[in-house]
Amino acid sequence: MARVEKVKGLFGEEVRCSVCGGDPIAVWVGKDAIFVCERCAIEILPRLLGEAIAIAASDEGWLGFKRRLERLEKNIYRGALAAAIDLLGGEIRDDSDA
Ligand SMILES: [Zn+2]
């Protein structure tokens with residue numbers, strides 16, 4: 001995952017969110033580039049991922065679903081924290097009372 005600003009030179013200035021067509025903030029480059037806006041990153045993609053693991057676990061029941069959901073949660077936290085440390089620096093402040 002990378003900030004869109006870092007890759008606009010590769011993809012051009014007119015990149016759009018791959019889900020809704022909005023203004024993207026991040027990109028994942030795999031076989032194709034997937035651009036995502038903040039709204040879709042928070043509201044849409046997690047639902048897609050949740051539906052995908054439910055489908056994947058449909059032959060295994062709730063235990064298979066729970067295992068996949070736990071792995072998904074861990075990977076979301078790992079990705080978010082790695083990006084946050086990179087973008088915000090190594091300092092973690094608790095500003096929840098601000
Ligand atoms: Zn979007």
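Predicted, not measured: the structure shown is a model, and the values here were computed from it.

(A) Structural context of the environment of D95. Residue position: D95 is located in the segment after helix 3 (62-88). Overall, D95 belongs to the exposed group, with 5 C-beta atoms counted inside 10 Å. For the pair D95 and G61, spaced 34 residues apart in the sequence, the C-alpha separation amounts to 40 Å.

(B) Main features of the pairing of strand 2 (residues 26-29). Pairing geometry for strand 1 (residues 2-3) and strand 2, over two bridges, is antiparallel. Looking at strand 2, one finds that A2 is bridged to V27. For strand 2 and strand 3 (residues 33-36), the ladder comprises four bridges, and the chain directions are antiparallel. Bridge assignment links A26 to a residue of strand 3, and that residue is V36.

(C) Structural view of the sheet that holds strand 1. Pairing in this open sheet of three strands is antiparallel, and the strands run 1-2-3 from one edge to the other. Each edge of the open sheet is held by one strand with a lone partner, namely strand 1 and strand 3.

Quick notes on the rules
- Residues numbered from 1 in each chain as written.
- Predicted model: local features only at pLDDT ≥ 70, side-chain atom pairs only at ≥ 80, totals over all residues.
- Helix = DSSP H or I, 4+ residues; strand = E, 2+ residues; numbered from the N terminus.
- Buried ≥ 20, exposed ≤ 12 C-beta atoms within 10 Å, placed from the backbone.
- Pairing = 2+ DSSP bridges.

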